[in-house]
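# Fold and geometry: a report
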Protein chains: 4
Amino acid sequence: MSKVKLKRRGRVAPERQRPLEPGLRQSMYDIIFGAESYWGRMFDIILLLAIVGSIAVVAFETLPSVRDDEAQVAMYLRCEIGFAILFGIEYVLRLYCTRRPLRYVFSFWGVIDLLSFLPSLLVGLGAMRQNAFVILRSVRLLRVFRIMKLWRLMSEADVLGEVIWRSRGKIVVFLSVVMVAVTISGALMYQVENSPYQKTHPDAVVDSKFDSIPQSMYWAIVTMTTVGYGDIVPETTVGKIISAALILLGYSLIIVPTGFVSAEFNETRKQIKKSADCTDAQSASRGEIGDITCPACEENVQLKRAIFCHRCGTRLPRD
Amino acid sequence: MSKVKLKRRGRVAPERQRPLEPGLRQSMYDIIFGAESYWGRMFDIILLLAIVGSIAVVAFETLPSVRDDEAQVAMYLRCEIGFAILFGIEYVLRLYCTRRPLRYVFSFWGVIDLLSFLPSLLVGLGAMRQNAFVILRSVRLLRVFRIMKLWRLMSEADVLGEVIWRSRGKIVVFLSVVMVAVTISGALMYQVENSPYQKTHPDAVVDSKFDSIPQSMYWAIVTMTTVGYGDIVPETTVGKIISAALILLGYSLIIVPTGFVSAEFNETRKQIKKSADCTDAQSASRGEIGDITCPACEENVQLKRAIFCHRCGTRLPRD
Amino acid sequence: MSKVKLKRRGRVAPERQRPLEPGLRQSMYDIIFGAESYWGRMFDIILLLAIVGSIAVVAFETLPSVRDDEAQVAMYLRCEIGFAILFGIEYVLRLYCTRRPLRYVFSFWGVIDLLSFLPSLLVGLGAMRQNAFVILRSVRLLRVFRIMKLWRLMSEADVLGEVIWRSRGKIVVFLSVVMVAVTISGALMYQVENSPYQKTHPDAVVDSKFDSIPQSMYWAIVTMTTVGYGDIVPETTVGKIISAALILLGYSLIIVPTGFVSAEFNETRKQIKKSADCTDAQSASRGEIGDITCPACEENVQLKRAIFCHRCGTRLPRD
Amino acid sequence: MSKVKLKRRGRVAPERQRPLEPGLRQSMYDIIFGAESYWGRMFDIILLLAIVGSIAVVAFETLPSVRDDEAQVAMYLRCEIGFAILFGIEYVLRLYCTRRPLRYVFSFWGVIDLLSFLPSLLVGLGAMRQNAFVILRSVRLLRVFRIMKLWRLMSEADVLGEVIWRSRGKIVVFLSVVMVAVTISGALMYQVENSPYQKTHPDAVVDSKFDSIPQSMYWAIVTMTTVGYGDIVPETTVGKIISAALILLGYSLIIVPTGFVSAEFNETRKQIKKSADCTDAQSASRGEIGDITCPACEENVQLKRAIFCHRCGTRLPRD
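Sequence order as written defines the numbering, with residues in each chain counted from 1. Note on labels: chains are lettered from A, ligands numbered from 1, in written order. A pLDDT threshold of at least 70 governs which residues receive local features in this predicted model, and a stricter bar of 80 or more applies before side-chain atom pairs are shown or counted, although totals over entire chains, interfaces and linings include all residues. For side-chain calculations, the full set of non-hydrogen atoms in the structure is used, while hydrogens and water are omitted.

## What about the overall build of chain A?
Each helix and strand counted, chain A has 13 helices and two strands in total. The classification of residues rests on relative accessible area computed with a 1.4 Å probe and restricted to protein chains. Under 20% of the type maximum is buried, over 50% is exposed, and intermediate values are partly exposed. Looking at the 319 residues of chain A, the share that counts as buried comes to 48%. Summarising the internal contacts of chain A: among those between residues at least 6 apart in sequence, 55% fall at separations of at least 24. Runs of E in the DSSP output that reach at least two residues are strands. Runs of H or I that reach at least four are helices, and both are numbered from the N terminus. By definition in these notes, contact holds between two residues if any of their heavy atoms fall within 4.5 Å.

Pasting the structure below:
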């Protein structure tokens, strides 16, 4: 049953785009889209480094010290255009080696790939506002997980994903509780902080920071997650008492999901383990004393039907 | 024993208000109060959206940019009155289809329902202060859980509620410890921060932010929950040293409940699972001792109808 | 072995102070020092309320709005003296009914009890500085746990105490790691933030908030526990990068103890449960089908030697 | 398999530096480098106290109140030079008693040891900038773990280290997710907060605090870890809505590792326990099938030397 669930979450196989006939296009496809071969992985790593580099360029470009210096701006702009050209070439190659290029163009990754270099290329000579597209480049960073998967981190990522997927019901309940709590406390604090007779000092600043209900709700979220910026804080005594109570309540509320994730994680792992054990145990044979060696303590006199090592209690391997 | 506890938490059955004779009133009752039928659920969802909408209207009304604009204020006021009329109609229908309307009027939800539209309706033409009642509307949001329950999230919500209910003893102990810690550290910091010979700089601002013990206790709560607004911070060296120690202490203190909830959650889930298995087993055929071998301990003297091995508690295979 | 540990933590029995001969003094002793009888518990609850009340009086006394108002100051002062007289009477009674009064006077609680009313009583007419002793009153709040214990929360509190006691080794290791990390990052940030060539803006405020190493260490503690007041924040670019890294590191560091406490808590509970189970199972009898009723699913046809219910896998009670 | 992993983490044995021939140098080596003997431990504790003391001196030296006072500066300087001389002597002794002094000089600890006293000693009379080297002294604090190890905390520290080592895969996945999330939200908030048409108030301060993408990423890290300094906060309404969403998301993201560590910790402990049991069992007498009955599954065909039931893995009672 767990297996069915695991499969249901599988993504659409990318093989549908792979050119059918062997040749340059197929080899290029394997390198550019695949990550199984050595060169495929190399390509992905280099691409990832280029993405990180281009993000760094756009990011540093926005630093005040850079923006004030003509020379540096020009330098960063050249890097920027360089990366754009690189990504442009990559895009063209992707178009070339896919079986149905249009399908790729209108796919999620196709749009992201196009938008991540086009604006820089077009506006490269004119205005400066293209760094809005750094977000799209950041999205491309998600490719990092494709490479990772191959480095044996696959099972970790799968357990993680599985845990989040299984907890979805609880996450919905939890977020609803949080939103209701946020709305109620936001509305409450707005009222309390704006009552004219609540000011501690008669000469207190007249305008409270809780100047609207949405603002109060923003405060409630910032407070309940224990972020606590301090840009909006209760000024009145009653407001402080109420917010102290809300903090303790909100804190208790927000601890609960930790328990979820922990419990879910444990169970998911156990299940994955168990199904592995079951497979191992499939071909177990029966008898009296047999020759099975415990993998943990190297004891090799075991009852043939033993499931656990009689010496250290480790589960025995079945051949 | 676990069952008794679960039952004790059950709410008063709402069926007592259901009209006895079939007809329009009964059908309306099922739609408005029930959530089992398709239309009953639809009604609840629409009502929920209306509640969310009306809260949004009152919330946005308080935004400074809206308050300064005459046209927008008038527009929001109209929406506001529109929602109030809608809720008024709903209230009248609720009165109409309940068996004993007065009982509903004076029930918790009856009062909430009335107060959530009455002020807007009455003051709709005069003063602006009715948004105090947005809190009551927010309370109505709790209806969201009734709808959710039906979307198979019931068991999640139940486990959650059960966990909190079971942890109540620990929560009381924990809150007592926190309150004692808060009182002691609040009083301590008040003394430390207000000693005249403690100022780091001779020209430091004379009045400390720790201007009273309740204020210091508010600081202690904000600090120990790691919210840390920063509106009140220690200024003296000794105050900083003490508060650093308090932070570490308070932090350790506050981690502990995570362990509770986690452990309690695991156990509650296991128990609920078991009792669900019991229900499944209700219809198991009765018989005497049969020949089923436990896959875990190989015990082969089992009751024919056994679901679990009587020796090690492992679930038996069924053919 | 677990039992031995549990015992080692037992406190000195307070019975040594109980008057030997029955009579008024013994009865008073049972009421004042004990919490087993109805009146003993009543006395403790009333005393606790008086302590809370007296703390509230001293706390509210320090509010700026109260301090400015002559009438209120006088009123609070009278309450204050009233409570002091009450605690004085209680102290005298305690002296009267203990077997060896001097031993009580110089015990921890004796000193606390004396200091919690004496200053108020003495200085009640003169200066205003006696609220320093509110800390001592707060300490008296710890009595709350004695009462609680009797309300069946004992086992919870015991598990909690046991968990903390068992984790002491890990807590020491953890605090050492934290202190080393705090020292290193404090010294690092002090250097980074005070290098003259690190300022982002040439016109930045000259004096950094990281004006000394102890201050930087205070910042490191506030940051690593995610309190984050914001009174001291990095101003330079390098400082921000380093502190971002430190935050992620410190955050990871500080999550670890959660795992401890969780794991320790689970194990402690299991052990306590197991030892309870063992005691139950002591008198188990052997045979074929016997008449044991499962407490969870009410199945009463069980093998006599069954340990688990064959139907729902619940552990069966042994008589 | 677990053993192999545990071994791989072992450090280079320090015995290679121990002088071969018995005598003064060997004894000194055992005291200075070892911590097994009484004097060796004493030396380490004294050294640790000296390190703590010297750090305290350099730390207090930077306090503004000290820096303004000529007399205190001179006093601290003398302490400072005193500690430097002490560490110098220790360094010379270390050189004297190691078999190959040069190897020590260029080892990690050798360099740390040299740099922790040399600058103070050299510049002790001139400039004041030597406190940059307090970081190196802080690094020496890590020696604390060597002493601790001997105080039976070894297993705790080992479990901790093991847990972190085993979680490395998950930590990498987790940090990647965090960095991608930080980059995306940083770039997003930079755009949102700097759009000219987003300002809530027309007279709002023109320059947003989100003045560059790296700054926004710093904000994202500070926010997602719930540190929340409040030095950079969203000013626009859209910015507040987005950051509220990001906080909830980031919060959920950041809870996940708690589950990891918890689960990993439990498993690691179980394994270490088991392998310890194996070591105990090393000297168990060898034999054939005996008559021991498992207390859990009542299986009575067990190997005579069995410690665990071969059927259910429960520890068998030993007479």
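## Considerations on the environment of Val238(A)
Tracing the sequence through the fold places Val238(A) in helix 13 (residues 237-281). When the C-alpha positions of Val238(A) and Asn194(A) are compared, they lie 11 Å apart, and in sequence the two are 44 residues distant.

## Thoughts on a nonpolar patch on the surface
Residues and elements named next belong to chain A. Residues Ile-85, Ile-89, Leu-93 and Leu-121 make up a contiguous nonpolar surface patch of roughly 320 Å² in combined accessible area. The element that contributes the greatest number of residues to the nonpolar patch is helix 5 (residues 70-97), accounting for three residues. Examined against the element boundaries, Leu-121 turns out to sit in helix 8 (residues 118-123). Using a relative accessible area of 36% as the deciding quantity, one classes Leu-121 as partly exposed. Only residues whose relative accessible area exceeds 30% and that form no salt bridge enter a patch; like-charged residues are grouped when within 9 Å of one another, and nonpolar side chains (Val, Leu, Ile, Met, Phe, Trp, Tyr) when within 5 Å. We get accessible surface area from the Shrake-Rupley algorithm with a probe of 1.4 Å; when it comes to residues, only the shown protein chains can shield them. Whenever Lys or Arg places a side-chain nitrogen within 4 Å of a carboxyl oxygen from Asp or Glu, that contact is recorded as a salt bridge.

## Looking at a positive patch on the surface
Only four residue types enter the charge count, namely Lys and Arg as positive and Asp and Glu as negative; His and the chain termini do not. Each charge is placed at NZ for Lys, CZ for Arg, CG for Asp and CD for Glu. Taken together, the side chains of Arg16(C), Arg99(C), Arg100(C) and Arg103(C) make up a positively charged region of the molecular surface. If you trace the backbone, Arg16(C) turns up in the loop between helix 1 (2-8) and helix 2 (24-32).

## Side note on the packing of helix 2 (residues 24-32) of chain B against helix 3 (residues 38-61) of chain B
All names here are of chain B. Each axis is a line fitted through C-alpha atoms, and for a helix only the stretch in contact is used; angles between axes span 0 to 180 degrees, taken between their N-to-C directions. Interaxial distance between helix 2 and helix 3 falls to 7 Å at its minimum, and their mutual angle equals 55°. By the angle between their axes, helix 2 is oblique relative to helix 3. Two secondary-structure elements touch here, helix 2 through Asp-30, Ile-31 and Ile-32 and helix 3 through Trp-39, Gly-40, Phe-43 and Asp-44. Each residue gets one of three labels, nonpolar for Ala, Val, Leu, Ile, Met, Phe, Trp, Tyr, Cys and Pro, charged for Asp, Glu, Lys and Arg, and polar for the others, Gly among them. Across the contact of helix 2 with helix 3, the residue classes tally to four nonpolar, one polar and two charged. Here the angle decides the label: under 35 degrees means roughly parallel, over 145 means roughly antiparallel, 65 to 115 means roughly perpendicular, and every other value means oblique.

## So, unusual backbone geometry
All names here are of chain B. Even without being a glycine, Thr-226 presents a positive backbone phi close to 60°. Topologically, Thr-226 is positioned in the loop between helix 12 (213-224) and helix 13 (237-281). Thr-226 gets classed as buried once you look at its relative accessible area, which sits at 5%.

## Some remarks on the packing of helix 5 (residues 70-97) of chain D against helix 7 (residues 108-115) of chain D
Residues and elements named next belong to chain D. Contact geometry for helix 5 and helix 7: axes closest at 9 Å, N-to-C directions at 150°. In this view, helix 5 runs roughly antiparallel relative to helix 7, as classed from their interaxial angle. When you trace helix 5 past helix 7, the crossing you get is left-handed. Only Gly-110, Asp-113 and Leu-114 of helix 7 make contact with helix 5, whose side of the interface consists of Glu-90, Tyr-91 and Arg-94. Grouping the constituent residues of the contact of helix 5 with helix 7 by class yields two nonpolar, one polar and three charged. Each crossing is labelled by how the near helix is turned from the far one, with a counterclockwise turn of less than a right angle marking it left-handed and a clockwise turn marking it right-handed.

## Quick word on the side chain of Thr183(A)
Relative to the assigned elements, Thr183(A) resides in helix 11 (residues 168-194). Aside from chain neighbours lying at most four places away, what touches Thr183(A) is Met217(A), Ile55(B), Ser138(B) and Leu141(B).

## Quick notes on the packing of aromatic side chains
Remark: the centre distance and the inter-plane angle together describe each pair of aromatic rings, the angle taken between the planes. Side-chain rings of Phe, Tyr and Trp, where Trp is taken by its six-membered ring, are said to pair if the distance between their centres is within 6.5 Å; with planes under 30 degrees apart they count as stacked, over 60 as edge-to-face, and otherwise as tilted. Summed over the entire model, instances satisfying the criterion amount to 25 aromatic pairs over all chains. For the ring pair Tyr38(A) and Trp39(A), a centre distance of 5.3 Å and an interplane angle of 80° mean the geometry is edge-to-face. Among the residues examined, Tyr38(A) registers a relative accessible area of 53% and is labelled exposed. For Trp39(A), a relative accessible area of 58% corresponds to the exposed category. Ring pairing ties together the aromatic residues Tyr29(B), Phe33(B), Tyr91(B), Tyr104(B) and Phe117(B), which thus form one cluster. We call a charge positioned over a ring when the NZ of a Lys or the CZ of an Arg lies within 6 Å of the ring centre and within 35 degrees of the ring normal. Arg25(A) extends its terminal NZ or CZ atom over the ring of Tyr96(A), reaching a point 6.0 Å from the ring centre. Note that Arg94(B) overlies the ring of Phe33(B), its terminal NZ or CZ placed 4.9 Å from the centroid.

## Remarks on the UniProt feature "transmembrane region" (unreviewed entry) in chain A
UniProt positions are given in the numbering used here, feature names are shortened, and annotations may be inferred rather than shown by experiment. Taking the numbering used here, the UniProt-annotated feature "transmembrane region" (unreviewed entry) corresponds to residues 45-63, 75-93, 105-126, 171-192 and 241-263 of chain A. The straight-line gap between the two end C-alpha atoms of residues 171-192 of chain A is 31 Å; of that span, 100% is helix and 0% is strand.

## Concerning helix 12 of chain B
Residue and element names in this part refer to chain B. How far a helix is expected to stretch is found by multiplying one less than its residue total by 1.5 Å. Taking 1.5 Å per residue as the helical rise, helix 12 with its twelve residues ought to reach 16 Å, and the 16 Å between its terminal C-alpha atoms agrees with that figure. Counting buried residues along helix 12, eleven of its twelve residues qualify, which places the element largely inside the surrounding structure. Every buried residue of helix 12 is listed here: Ile-213, Gln-215, Ser-216, Met-217, Tyr-218, Trp-219, Ala-220, Ile-221, Val-222, Thr-223 and Met-224. Just beyond helix 12, the residue with positive phi is Thr-226, at close to 60°.

## Some thoughts on the confidence of the model for chain A
All names here are of chain A. Within a predicted model, pLDDT stands for the predictor's per-residue confidence, ranging from 0 to 100. Taken as a whole, chain A shows an average pLDDT of 72; of its residues, 57% reach a score of 70 or greater. By mean pLDDT, the top-scoring element of chain A is helix 12 (residues 213-224) (90), and the lowest-scoring one is helix 1 (residues 2-8) (38). Of the regions scoring below 50 in pLDDT, residues 1-13 engages in eight contacts with residues more than four places distant in sequence or in other chains. Under the prediction, the complex receives an ipTM of 0.71, its pTM being 0.75.

## Thoughts on the pattern of salt bridges
Within the structure shown, the criterion is met by twelve salt bridges over all chains. The partner of Arg94(B) in a salt bridge is Glu90(B), with the nearest N and O atoms 2.5 Å apart. Highlighted residues: Arg94(B) and Glu90(B), both in helix 5 (residues 70-97), separated by four residues, approximately one helical turn. In this structure, Arg94(D) engages Asp113(D) in a salt bridge whose closest nitrogen and oxygen atoms are separated by 3.8 Å. Here the residue Arg94(D) occupies a position in helix 5, and Asp113(D) occupies one in helix 7, the gap between them amounting to 19 residues. As far as burial versus exposure is concerned, Arg94(D) and Asp113(D) are alike and both buried.

## Considering the environment of Glu162(B)
Among the structural elements, Glu162(B) can be located in helix 10 (residues 144-166). Put simply, Glu162(B) and Val192(B) are 30 residues apart on the chain and 43 Å apart in space, counted from C-alpha to C-alpha.

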